[in-house]
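The chain contents come next:
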Amino acid sequence: MVDMRKYGGGAIRPDDLRDGPRVEKIIEISENETHNCAVLHLASGDQLFCWASTARVLNRAWGFDSDDWLDQEIELSIGTYHDKKSDTEKEMVLVRAISPPKAEVGSGGPPAPRNDDMNDESPF
């Protein structure tokens, strides 16, 4: 049996999301030296270029260690941005983190949830 995802996948573009948002799982992360960005390899066989705006969203959700991003789910949808060069609105792929942070967060990740059952105030 041959896994055919690698032959049918490609970089996700806004046109791929015309039917609505889709949920994907990150299974691998590599670096693209030509574009100076990370590439998220998804369970569907598609890839997503991880530009700065996407990296900021995922850094806030899961921390700065790419290993903590593996097996996490993201939602992809169509958004827009204003292109200053052409003074027009253009479409882009928006990314939203769906999976909660893993229990053991890597370096620089979001803070662990606070246990509000314990506090410094004493009733005495």
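In this text the structure is predicted, and so the values were computed from the model without any measurement.

K.L.:
Break down the layout of surface pockets for me, with residues and values.
P.N.:
Here the largest pocket is characterised by a volume of approximately 310 Å³. Ile12, Phe49, Trp51, Met92 and Val93 are the residues nearest the centre of the largest pocket, which is lined by 13 residues in total. Here the lining of the largest pocket takes 3 residues from strand β5 (residues 88-97), the largest share from any one element. Of the residues belonging to the lining of the largest pocket, the class tally is 9 nonpolar, 2 polar and 2 charged.

K.L.:
Mind laying out the nonpolar core, listing which residues take part and the relevant values?
P.N.:
The tendency in soluble globular proteins is for nonpolar side chains to be buried side by side. Of all hydrophobic cores here, the largest spans 16 residues; its most connected members are Ile26, Leu40, Leu42, Leu48, Leu58, Ile74 and Leu76. Listed by contribution, the elements that provide at least two residues to this core are β2 (37-42), β3 (47-50), α2 (52-62), β4 (73-83) and β5. By residue number, the principal contributor to this core is α2, which donates 4 residues.

K.L.:
Lay out the side chain of Ser77 with the relevant residues and their values.
P.N.:
Looking at the element boundaries, Ser77 is found in strand β4. Leave out the neighbours within four places in its chain, and Ser77 touches Leu17, Pro21, Met92, Val93 and Leu94.

K.L.:
Help me get a handle on the confidence of the model for the chain, residues and values and all.
P.N.:
It should be kept in mind that the predicted coordinates are not to be read in detail where pLDDT is low. In the predicted model, the chain carries a mean pLDDT of 86, and 83% of its residues have values of at least 70. Residue range residues 111-124 is modelled with pLDDT below 50. Its contacts to residues more than four positions away, or to other chains, number 0 contacts.

K.L.:
Could you give an account of a nonpolar patch on the surface, naming the residues involved and the relevant values?
P.N.:
Taken together, Val2, Met4 and Tyr7 make up a surface patch of nonpolar side chains, about 360 Å² in accessible area. Mapped onto the elements of the fold, Tyr7 is located in helix α1 (residues 5-8).

K.L.:
Account for the packing of aromatic side chains, naming residues and giving values.
P.N.:
Evaluated as defined, the whole model comprises 1 aromatic pair. The interplanar angle of 15 degrees and the centroid separation of 5.5 Å between the aromatic rings of Phe49 and Trp51 together place this pair among those described as stacked. Residue class for Trp51 comes out partly exposed when judged on its relative accessible area of 42%.

K.L.:
Any details on the sheet that holds β5? Residues and values, ideally.
P.N.:
Spatial ordering of the open sheet is given by β3-β2-β1-β4-β5, a layout of 5 strands whose pairing is antiparallel. Edge positions in the sheet fall to β3 and β5, since each of these pairs with one other strand and no more. Going across the sheet, the axis of each strand differs from the next one's by a mean of 40 degrees, ignoring polarity. Bridge count between strand β1 (residues 22-32) and β4: 4 bridges; the pairing is antiparallel. Residue Arg22 lies in a different strand from β4, and its bridge partner there is Leu76. Strands in contact with α2 are β1, β2, β3, β4 and β5; relative to β5, the strand with the most contacts, it is inclined by about 20 degrees.

Conventions and cut-offs
Residues numbered from 1 in each chain as written. Predicted model: local features only at pLDDT ≥ 70, side-chain atom pairs only at ≥ 80, totals over all residues. Heavy atoms only, no water. 1 Å grid on protein atoms, 1.4 Å probe; cavity = no way out; pocket = protein on both sides within 12 Å on 5 of 7 lines; lining within 4 Å. Points joined across faces, edges and corners; volume = space filled by probe spheres on them. Helix = DSSP H or I, 4+ residues; strand = E, 2+ residues; numbered from the N terminus. Nonpolar A, V, L, I, M, F, W, Y, C, P; charged D, E, K, R; others polar. Core = buried A, V, L, I, M, F, W, Y, C linked by side-chain atoms within 4.5 Å. Buried < 20%, exposed > 50% of the residue type's maximum accessible area, 1.4 Å probe, protein only. Contact = heavy atoms within 4.5 Å. pLDDT = per-residue confidence, 0-100. Patch = residues over 30% accessible without salt bridge, like charges linked within 9 Å, V, L, I, M, F, W, Y side chains within 5 Å. Areas by Shrake-Rupley, 256 points an atom, 1.4 Å probe, with all protein chains shown as cover. Salt bridge = Lys/Arg side-chain N within 4 Å of Asp/Glu carboxyl O. Phe/Tyr/Trp six-rings, centres within 6.5 Å; stacked < 30°, edge-to-face > 60°. Pairing = 2+ DSSP bridges. Axes fitted to C-alpha atoms, helices over the stretch in contact; angles between N-to-C directions.

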